[in-house]
Amino acid sequence: LQNNDFLRNTVHRHEPPVTAQPIQILVEDNEVVVVDKPSSLPVHPCGRFRHNTVIFILGKEHNLKELHTIHRLDRMTSGVLMFAKTVEVSKRIDEQVRERQLEKEYVCRVVGEFPEHEVVCEEPILVVSYKVGVCRVDPKGKFCKTIFQRLSYNGKSSVVKCLPHTGRTHQIRVHLQYLGHPIVNDPIYNMEAWGPERGKGGKIDKTDEELLKALVEEHRSKQSLDILGISEEDLHSNAENKDTGNSKDPERDANNPERNDIAACPLNSDGNLETPEKNKELGSCENQEGQTGEKSSEEKDPLCVECKITRRDPSPKDLVMYLHALRYKGAEFEYCSKMPEWAMENWEE
């Protein structure tokens, strides 16, 4: 290098695809902003997501900036999501969250005919991988309690109301899988990788590493690794560093019932994941996933392998999971969203 040399660093990103469904603002006042979050959008920038996040879109499209996150939803979960406009309001509501004073009601569509009577599931849940965001029922896990009540049955699937009394990661999804009625289009807990019973009753004839490999391979064969929030580069780099272990605090979801960071941003963690196969094509760009090399792309980086790869464009139904946060109620507030279309009694896929 010499004096007056000009150096430039260009960051080239590929964000995973998300739904085009707009964010609906349910309530806005001097204290809070309440929105109906579409499925597939993470709450805040993390991992491979920057622009395609609720926080970023609210700031850019609605000029709602410096919002404080009160609780979080899984990236694939839709529904009521609250933000505080001031630190004081955030602390007040956050205290209600920690004291379990916040009542939460979800609705989902599950496989098969769910029992008509009320079902209470109290199976403990253990995190299998922070990186991929996979949990399972295990006696060594944390105590959980979810109450389920069937709302309707159309001959193939059931709409179920879910009332979580604790807030473990993926709690509703894991408990439904354990009961033998996983969410119809759950990209993790309704997969063949769990075995013929798909994890019913906690029966998984695989080690955790074998299960993760099977899940990754199943999504890889469907070109849907972005649903897991990982890319081939992540698998490759993790294989090289798999001896470093998991550095995240397993207690992180204990104090915030809706803090589902694992599913929303799995790449913020250093979880253990064995690589099924080393990536054959590795590029130098930072983000190696998502909308890649379509003809409509305005800019391509000649050094980016992802720009040269054409992947199928996901359909709208690929970006939706049938789990919706329907209602949140606190000591001084109650916010509800409309029932999603897929939860209607006469709905058919």
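The chain goes by Pseudouridine synthase in an unreviewed UniProt entry, where it is assigned to Pterocles gutturalis. Check the Sequence similarities (unreviewed entry) section of the UniProt entry for the chain; it says "Belongs to the pseudouridine synthase RluA family."

A.B. asks: Now, about the packing of aromatic side chains: what can you tell me, with residues and values included?
C.D. replies: A full pass over the atoms with the stated rule returns 6 aromatic pairs. Here Phe-333 and Tyr-335 contribute two aromatic rings whose centre-to-centre distance is 5.4 Å and whose plane-to-plane angle is 15°, an arrangement assigned as stacked. Joined through ring pairs, the aromatic side chains of Tyr-322, Trp-342 and Trp-347 make up one cluster.

A.B. asks: Before we move on, can you summarise the pairing of strand S9 (residues 146-153) with the specific residues and values?
C.D. replies: Alignment of strand S6 (residues 119-121) against S9, held across 3 bridges, turns out to be antiparallel. Within S9, the position partnered with Cys-121 by the bridge is Thr-146. The sheet contact formed by S9 and strand S10 (residues 157-164) spans 7 bridges and is antiparallel. Within S10, the residue paired with Ser-152 across the bridge is Val-159. The hairpin formed by S9 and S10 contains 3 residues between the paired strands, and Gly-155 there has a positive phi angle of roughly 100°.

A.B. asks: Can you lay out a nonpolar patch on the surface for me, pointing to particular residues and giving the numbers?
C.D. replies: The grouping of Leu-151, Met-339 and Met-344 at the surface amounts to a nonpolar patch, some 250 Å² of accessible area in total. Mapped onto the fold, Met-339 is located in the segment after strand S12 (334-336).

A.B. asks: Which residues make up the UniProt feature "active site" (unreviewed entry) in the chain, and what values go with them?
C.D. replies: Per the UniProt record, "active site" (unreviewed entry) is annotated on Asp-74. Checked against the element boundaries, Asp-74 lands in the loop between strand S3 (68-69) and strand S4 (78-84). Classification of Asp-74 by relative accessible area gives buried; the value is 4%.

A.B. asks: Tell me about the environment of His-175, and please be specific about residues and values.
C.D. replies: Among the secondary structure elements, His-175 is positioned in helix H3 (residues 171-178). For the pair His-175 and Cys-144, spaced 31 residues apart in the sequence, the C-alpha separation amounts to 9.0 Å. Among residues more than four places away in sequence, those in contact with His-175 are Cys-121, Glu-122, Glu-123, Ile-125, Cys-144, Lys-145, Thr-146 and Phe-148.

A.B. asks: Describe helix H2 (residues 87-98), listing the residues and the values that go with them.
C.D. replies: With 12 residues, H2 extends 16 Å between its outermost C-alpha atoms, agreeing within 8% with the 16 Å of an ideal straight helix rising 1.5 Å per residue. Listed in full, the buried residues belonging to H2 are Val-89, Ser-90, Ile-93, Gln-96 and Val-97. The buried residues of H2 occupy an angular sector of 125° when projected down its axis, which confines them to one face. Across from the buried face of H2, at angles greater than 90 degrees, the exposed residues are Glu-88 and Lys-91. Residues of H2 that are buried in the fold lie against strand S2 (32-37), S3 and S4.

A.B. asks: Give a detailed account of the environment of Val-137, specifying residues and quantitative values.
C.D. replies: Relative to the elements of secondary structure, Val-137 occurs in strand S8 (residues 134-137). Overall, Val-137 belongs to the buried group, its relative accessible area being 15%. Distance from Val-137 to Gly-202, taken between C-alpha atoms, is 6.0 Å for residues 65 residues apart in sequence. If we skip the residues at most four places from it in the chain, Val-137 touches Glu-123, Pro-124, Ile-125, Val-174 and Tyr-178.

A.B. asks: Quick rundown of H3? Include the residues and the values.
C.D. replies: Taken across its 8 residues, H3 has 7 buried, putting it largely inside the fold. Every buried residue of H3 is accounted for by Gln-171, Ile-172, Arg-173, Val-174, His-175, Leu-176 and Gln-177. The positive-phi residue at the C-terminal boundary of H3 is Gly-180, with phi of around 85°.

A.B. asks: Quick rundown of unusual backbone geometry? Include the residues and the values.
C.D. replies: Glycine aside, residues mostly have negative phi, and peptide bonds are mostly found in the trans state. With a phi angle near 75°, Asn-4 is a residue other than glycine that sits in the positive phi range. Mapping Asn-4 onto the fold places it in the segment before strand S1 (24-28). For Asn-63, which is not a glycine, the phi torsion comes out positive at approximately 55°.

A.B. asks: Just give me the short version of the pairing of S4, but keep the residues and values in it.
C.D. replies: Within S4, 7 of the 7 residues are buried, leaving the element largely enclosed by the surrounding structure. Sheet analysis places S2 next to S4, joined by 6 bridges and oriented antiparallel. Its bridge partner being in S4, Asp-36 is matched across the sheet by Val-80. Here 2 bridges tie S4 to strand S11 (residues 323-329), and the two strands are oriented parallel to one another. Bridged to Gly-79 within S11 is Ala-325.

Reading the values: rules and limits
Residues numbered from 1 in each chain as written. Predicted model: local features only at pLDDT ≥ 70, side-chain atom pairs only at ≥ 80, totals over all residues. Heavy atoms only, no water. UniProt positions renumbered as here; feature names shortened; annotations may be inferred. Phe/Tyr/Trp six-rings, centres within 6.5 Å; stacked < 30°, edge-to-face > 60°. Pairing = 2+ DSSP bridges. Helix = DSSP H or I, 4+ residues; strand = E, 2+ residues; numbered from the N terminus. Patch = residues over 30% accessible without salt bridge, like charges linked within 9 Å, V, L, I, M, F, W, Y side chains within 5 Å. Areas by Shrake-Rupley, 256 points an atom, 1.4 Å probe, with all protein chains shown as cover. Salt bridge = Lys/Arg side-chain N within 4 Å of Asp/Glu carboxyl O. Buried < 20%, exposed > 50% of the residue type's maximum accessible area, 1.4 Å probe, protein only. Contact = heavy atoms within 4.5 Å. Expected span 1.5 Å × (residues − 1). Arc of directions from axis to C-beta.

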